[in-house]
Amino acid sequence: MSCASCALRVQKALEQQPGVNAATVNYADGMANAEYDETQCTPLTLQAAVQSAGYDLILEAPNIDQREEEAYRKQKWKVIAAFLLLLPLCILGLVHEAWAPWIMGGLATIVVFYLGKPFYIRAAKQLQHGGLGMDALVALSTAISYLFSLSNLLFPSFWTAHGVEPQYYFESAGGIVAFILLGRLLENKAKQNTGMAIRRLIGLQAQTATIVENGEERMIDIQFIQPGQIIRVHPGERIAVDGTVNEGYAYIDESMLTGESMPITKKAGDKVYAGTLCGNMAFNMIARQVGEQTHLNHIIQMVREAQASRPSIQLMVDKVAGIFVPIIIAIAVFSLILWLWLSPDQGLVRGIVALCTVLIIACPCALGLATPTAIMVGIGRGAELGILIRDADSLETAQSIDTIVMDKTGTLTIGKPIVSETCMLPEAESMLPVFLKMEQSSEHPLAHAIVNYLSEKISTLSTPYSLTVTAIPGMGVKGECHHEKYWAGNAELLKKNHIHCPAPFLQKAHEWEASAHTVVWLAKSNEAIGLLAISDEPRPSAKPAISTLKGMDIHPLMLTGDQKGVAQTIASTVGIECLWSMMPEDKAHRIAQLQREGHRVAMIGDGINDSAALAQADVSMAMGEGSDVAMETAMITILGGDLRKVPQAIRLSSLTVSTIHQNLFWAFAYNLIAVPIAAGLLFPIWGIQLSPMIGSAAMALSSVSVVMNSLRLRKRKISVDKPTSHHITPSTMTKTYKVEGMMCQHCRAHVEFALNSLNGITAVISLEQQTATVTFSAEELPLSQLQKVITEQAGDYKLTE
């Protein structure tokens, strides 16, 4: 594909196939996504459809980076050759000797028909299949310039007989090819950078892992790892698959997935994820999700799909791009006719120059790149920050919201209730095994907190064998053991069953409820014997996030099904307005009411219980913290549980949409200004007419400028508030070094292990790119120190800036 028109034709070819429900083609990264019925078509039929349209569809592309690098090298040599030939072409254009045009013609032939051969081949294929793209404009303009000059050279008497002095535009024909090749080279290099986020995510994948079988360790390729196998993870290694810690413990750096800078302690039973980095302790893990099922692969696939999606503004651009080339050809022909009519003497020469310049200066590429490059960089930047954005529309909409509705549990609070205080009669201790058995039969979140607490407290005590448990919805549970009745639940449960509550218990329950604790009563027969206070602490990031949102003129609102006392205490702690005792449908109705009042509403929930409210909101967000369910339901998923990423997501949306508008303004303004000037608009005023060579340089610059403007998003400041942690978080800096001497994945692992053994740095090594991306959490370490640790621990590898 060479322009946006090509992408539209490929997309149309895919959409017209039986069984294809939807298809999108992204010109910026050369990727196609299709949703189809496998009973009606296959990838091979889709490939045949694309080939019939004059293009090709690569179904399997291993070593894609290598392929791109090889193509880039070939393209670079073509550019060098074109400019080496263009230089004498331009010099000879100043030589007024009879032999000069003949040499110019020979040099131009090489440039136009050898180096520029792909333009003609692609244009012919497009024309054969009823389409015209950027290649057609290049082929037409260079062919007309070359053939006009050749006819002047071979038949000068014909032109002089018609009153036209023979003129040669060989250098223009060669210059067009040279500058277009240069523009494509710069554009492709810049487009590769727009996909840097995906490359970094892919670079996190380990290639090998050490499995433990019968007490012995052996290294295997990750594609052979099976669920249930024991994997040994050594310090400095990347975890190969998702799983749980089986033996030992370690500090795991999950910053590459969640954006959190501090390592997390993982012990037996804790989940660990592929792509994360083991700290200074080795441990054993059990493989759970392998291959495409890992959390990292889900993120990569989600980012890819999001980058390929199109915002609504792109539909208008696609319509313009679809008719752009025919309109430009019509304008070019009209320019030639107008010159012939207005200037009979010089009209033919001036008209041909105008025709060629109009054809070459017009740029559908800038239009085609304006939106997708910004979307790719924006969504990629979000992924690096731990903000997963589902599609382009979500990114486009987020910047317009003015109200954010938040759930309490798991969103504003940590979402892991714990038993924080107890108050019991002395005789209650012997009855705790009964209550443990009762709570183990319940699926309520509070029951899990009680089970965890009682399991630690009474692990050495016996558990009753004959116990009948009955759940009482909305109140608690009832148990019967040895003809005695036991109760565990809320005050309503005790009231309904006429259970006596001592005054000290009532006073303590009132105090706890006033301080945002949920109270669970324990009772035997008709007497309360104990109280448990269960709390769910606010997230440390909740208060600063709420404050930042208010500073952005966004109104935060908490909707919770909890009781008034608990809700108000949490709300006052974090500084948010709240409504309590709300059922799931009440939350959805409240959001609908806000929308009727003209507000654009975002909803942040857990993606399951709040599904109705999430569906009603203009933008749905989930506190993923690694939850695949949340990632599947929300438009935006915040990894790592840091609420400060919510205002970051909104700012990222604003910056991305602003970049799209800038790109589109430049693309449209460029064409609206450049085409009339190329047609000769300035000639009657100042006697200026652009040459086709200048037009080709301008066209190349317009495409590159759009891509470079999108790449500015990678450097823009996304943070909108200062960290409020009690610890001082040092600023980080990332540098990329060249690594020489790596031949295989073992080499890569040795270098990565060596660098990550240094305190204060995180290193990611790419074997394909032969690079080391090093993030310094404190001060930058000198190159000599990095080289020293590589030489000592990894071997003879050379690190250069």
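Read on for a plain summary of the structure. All residue numbers here refer to positions counted from 1 along the written sequence of the relevant chain. Only residues with pLDDT of 70 or above have their local features reported here, since the model is predicted, and side-chain atom pairs are shown and tallied only from 80 upward, although totals for entire chains, interfaces and linings are computed over all residues. Computation of side-chain values: all heavy atoms of the structure, hydrogens and water removed.

Things to note about the packing of helix 6 (residues 134–154) against helix 13 (residues 347–361)
Next, step 1: It is at 8 Å that the axes of helix 6 and helix 13 come closest, and there the two elements cross at 155 degrees. Taken together, helix 6 and helix 13 sit at an angle that is classed as roughly antiparallel. As for the relative orientation of helix 6 and helix 13, their crossing is left-handed in sense. Contacts from Met134, Leu137, Val138, Leu140, Ser141, Ile144, Ser145 and Phe148 of helix 6 reach helix 13 at Val349, Ile352, Leu355, Cys356, Leu359 and Ile360. To obtain each axis, a line is fitted to C-alpha atoms, and for helices this fit is confined to the stretch in contact; angles are then taken between N-to-C directions over 0 to 180 degrees. What counts as a helix is a DSSP run of H or I of at least four residues, what counts as a strand is a run of E of at least two, and both are numbered from the N terminus. Throughout, the term roughly parallel applies to angles under 35 degrees, roughly antiparallel to angles over 145, roughly perpendicular to angles from 65 to 115, and oblique to all others. Should the near helix be turned anticlockwise from the far one by less than a right angle, the crossing is termed left-handed; should it be turned clockwise, right-handed. Working rule for contacts: check all heavy atoms of both residues, and any pair within 4.5 Å makes them a contact.

Things to note about the pattern of salt bridges
Next, step 1: By convention in these notes, a salt bridge is any Lys or Arg side-chain nitrogen within 4 Å of a carboxyl oxygen on Asp or Glu. A full pass over the atoms with the stated rule returns 10 salt bridges.
Next, step 2: A salt bridge links glutamate 213 to arginine 218, with the nearest nitrogen and oxygen atoms 3.2 Å apart.
Next, step 3: Each residue is assigned to one of three classes by its accessible area relative to the maximum for its type, calculated with a 1.4 Å probe on protein chains only: buried under 20%, partly exposed between the two thresholds, exposed over 50%. Using a relative accessible area of 33% as the deciding quantity, one classes glutamate 213 as partly exposed.

Some thoughts on the sheet that holds strand 8 (residues 264–266)
Next, step 1: One open sheet accounts for 3 strands, arranged 8-7-10; its pairing is antiparallel. The open sheet has two edge strands with one neighbour each: strand 8 and strand 10 (277–278).
Next, step 2: A pair of strands is treated as paired once DSSP finds two or more bridges between them. Bridge analysis of strand 7 (residues 250–253) against strand 10 gives 2 bridges, and the strand direction is antiparallel. Each residue of the ladder has a partner; that of aspartate 253, found in strand 10, is leucine 277.

Re empty space enclosed by the protein
Next, step 1: Definitions used throughout: a 1 Å grid over protein atoms alone; a cavity as a set of points that fits a 1.4 Å probe which cannot get out; a pocket as an open set with protein on both sides within 12 Å along at least five of seven lines; a lining residue as one with an atom within 4 Å of a point. Grid points are joined across faces, edges and corners, and a volume is the space filled by probe spheres set on the points. For the coordinates displayed, the defined rule picks out 2 cavities of 30 Å³ or more.
Next, step 2: The calculated volume of the second largest cavity comes to roughly 30 Å³.
Next, step 3: Lining the second largest cavity we find Ile180, Gly183, Arg184, Glu187, Met699, Ala700 and Ser703.
Next, step 4: Those elements giving two or more residues to the lining of the second largest cavity turn out to be helix 8 (170–194) and helix 28 (692–711).
Next, step 5: The element that contributes the greatest number of residues to the lining of the second largest cavity is helix 8, accounting for 4 residues.
Next, step 6: Gly is placed with the polar residues, together with every amino acid not listed as nonpolar (Ala, Val, Leu, Ile, Met, Phe, Trp, Tyr, Cys and Pro) or charged (Asp, Glu, Lys and Arg). Within the lining of the second largest cavity, the residues separate by chemical class into 3 nonpolar, 2 polar and 2 charged.

Focus: the packing of aromatic side chains
Next, step 1: In this scheme Phe, Tyr and Trp rings, the latter by its six-membered ring, pair at centre separations within 6.5 Å, and the angle between planes marks the pair as stacked below 30 degrees, edge-to-face above 60, and tilted otherwise. Tallied over the full model, the rule gives 8 aromatic pairs.
Next, step 2: Geometrically, the ring pair formed by tryptophan 339 and phenylalanine 683 is edge-to-face, given 5.3 Å between the ring centres and 70 degrees between the ring planes. Linking tryptophan 339 in helix 12 (residues 313–342) with phenylalanine 683 in helix 27 (residues 683–686), this pair joins segments that are 344 residues apart in sequence.
Next, step 3: By relative accessible area, tryptophan 339 is classed as buried at 11%.
Next, step 4: Taking the relative accessible area as the measure of exposure, phenylalanine 683 reaches 23% and is therefore partly exposed.
Next, step 5: These aromatic residues form a ring-pair network of at least three members: Phe113, Tyr120, Tyr146 and Phe170.

Examining helix 20 (residues 503–514)
Next, step 1: An ideal rise of 1.5 Å per residue puts 16 Å on 12 residues; helix 20 measures up with 17 Å between its terminal C-alpha atoms.
Next, step 2: For helix 20, the set of buried residues is Phe505, Ala509 and Trp512. Seen along its axis, helix 20 keeps its buried residues to an arc of 65 degrees; they face one direction. Away from the buried face of helix 20 by more than 90 degrees, exposed residues Ala503, Pro504, Gln507, His510 and Ala514 are located.
Next, step 3: Looking at the buried positions of helix 20, the neighbouring elements they touch are strand 14 (418–424), strand 18 (518–524) and strand 19 (527–535).
Next, step 4: Just downstream of helix 20, alanine 516 is the residue with a positive phi angle, here 70 degrees. Any helix carries an expected span of 1.5 Å times its number of residues minus one. Think of the arc as the fan of directions from the helix axis to the C-beta atoms.

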